[in-house]
Amino acid sequence: MKRAVSRILFACIFSQIISGCGGFTGNIPADKGMAAEKTNITSGSEQSEDPGSGMNGLSAVYSEESQSASRDVFAMDTYMSITAYGEETTAKKAVDEAAEEVERLDKLLSTGSEGSEISKINEDGGGTLSEESEEMMRYALKLYQDTDGAYDITIYPVMKLWGFDDQDYRVPAEEELKKTLELVDASEIDLDEKNNRICFGKEGMAIDLGSIAKGFTSSRIMEIFEKNGIRSGLVNLGGNVQCFGAKTDGSSWRVAIETPEKDGNYLGILAVKDKAVITSGGYERYFEEDGVIYHHIIDPLTGYPAKSGIRSSTIVSDDGTLADGLSTSLFVLGREKAVRLWRNHSDEFDFILMEDDGTLLVTEGIADDFETERKVEVITASAGE
Ligand code: ADP
Ligand code: MG
């Protein structure tokens with residue numbers, strides 16, 4: 001039996017404003033103090049289909065009540081919502097510019113759509129990179145080094161073999177997996193930063209920026225907000241949340257992180273200002289065959305879905321691109337290596353990892369800002385504690 005399960009969105013924002021959250025069914029118990037007024041769940045559901053370009057053709061809608069402009073977009077294979085607070089003309093302009101940027105980046109980066117920059121590079125084994133792709137490539141290659149190859153954007157041929165590119169899922173035979181894995185090796189990417197050129201060292205290699213594209217996009221939106229004089233805003237790109245500034249009353253945004261069980265409850269609520277909060281999990285996109293679940297985050301060592309003891313990986317950082325790349329990375333790395341990586345970069349990010357037994361590992365940088373009723377182990381910067 002083969003069952004395809006589409007992505008669900010798994011983070012909501014609880015604030016005085018619009019929150020985009022697919023698959024939301026749950027109630028936040030009042031006694032948890034998670035309280036803030038959840039108004040208007042605007043987008044998303046357990047669907048994978050594009051609702052049509054009409055949705056994307058709309059311009060921002062302004063709410064006098066909340067003094068904010070917002071807009072929903074379907075791009076990068078997910079539902080997104082963009083909100084900016086402020087005076088009507090300014091807020092609408094910022095949100096519309098942000099939505100246009102999302103659509104532009106989607107066209108540029110998509111591996112699926114013919115003619116995108118990335119698919120052309122994959123076809124030709126290299127080529128000229130736009131400024132945006134080049135920036136992402138630099139992140140990707142740095143992450144490849146920092147994770148000893150657990151993060152590897154040349155995983156794409158393996159993603160295709162499993163059918164994750166076109167949802168025609170299948171479990172590959174050992175032999176073909178082994179052969180395809182020979183193409184997975186980011187050290188064979190030659191990036192010429194001076195001339196914006198990229199070249200693959202092996203024929204058949206291909207890249208996939210799906211693990212950082214949404215984080216890169218949300219960071220871009222923060223820049224657009226800034227340029228337009230917005231002081232408070234947020235985006236939710238398929239569960240990847242990035243907040244600009246604080247809420248209009250100066251208090252922190254409250255980001256709820258959904259459980260892998262998709263039961264409407266939450267791992268907890270995180271209070272943040274000016275941060276990206278990005279989660280990866282094997283429950284986001286997967287298929288089931290003969291009772292086994294195969295998900296979309298692959299361990300480049302084996303070619304199989306990563307089984308590291310981590311069920312859900314949330315990264316909190318000022319930098320959306322980094323947070324997105326790291327959320328995928330830590331899911332593959334598992335506890336021990338994730339903690340080691342964090343200890344070397346604790347000024348750049350924090351994490352909330354859920355282990356298979358349900359324990360939450362929370363780094364000390366955010367421990368005080370995270371409310372949960374679950375069992376928490378706080379990870380401190382010094383080893384041996
Ligand atoms: P999502 O995009 O669903 O929010 P992630 O950010 O974790 O989740 O990205 C998952 C995507 O990353 C996969 O669909 C695939 O394109 C790519 N990917 C899978 N495994 C790896 C890996 N080990 N290193 C880099 N990218 C990966
Ligand atoms: Mg990611």
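Going by the structure above, here's the rest.
In what follows, the accompanying structure is described. (Residues numbered from 1 in each chain as written. Chains lettered and ligands numbered in written order. Predicted model: local features only at pLDDT ≥ 70, side-chain atom pairs only at ≥ 80, totals over all residues. Heavy atoms only, no water.)

### A word on the environment of Glu288
So, point 1. Within the element layout of this structure, Glu288 appears in strand β14 (residues 286-289).
So, point 2. Residue classification places Glu288 among the buried positions, given a relative accessible area of 13%. (Helix = DSSP H or I, 4+ residues; strand = E, 2+ residues; numbered from the N terminus. Buried < 20%, exposed > 50% of the residue type's maximum accessible area, 1.4 Å probe, protein only.)

### Quick look at the pattern of salt bridges
So, point 1. Taken as a whole and assessed by the stated rule, the structure comprises 19 salt bridges.
So, point 2. For the salt bridge of Glu193 with Arg138, the shortest nitrogen-to-oxygen distance reads 3.7 Å. With Glu193 in the loop between β7 (189-192) and β8 (197-200) and Arg138 in helix α4 (residues 131-146), this residue pair connects regions lying 55 residues apart in the sequence.
So, point 3. Look at Arg138 and you get partly exposed, because its relative accessible area is 37%.
So, point 4. Ionic pairing is found between Asp146 and Lys142, a salt bridge with its closest N-O pair at 2.6 Å. Of this pair, Asp146 and Lys142 both sit in helix α4, four residues apart, which is roughly one turn of the helix. (Salt bridge = Lys/Arg side-chain N within 4 Å of Asp/Glu carboxyl O.)

### Focus: the pairing of β8
So, point 1. The alternating pattern of β8 places Ile198 and Phe200 on a buried face, while none of Arg197 and Cys199, on the opposite face, is buried.
So, point 2. Here strand β6 (residues 126-128) pairs with β8 via three bridges, running antiparallel. Each bridged residue has a counterpart across the sheet, and for Gly127 the counterpart in β8 is Ile198.
So, point 3. By the bridge criterion, four bridges tie β7 to β8 in an arrangement that is antiparallel. Counterpart to Asp190 in the pairing with β8 is Cys199. (Pairing = 2+ DSSP bridges.)

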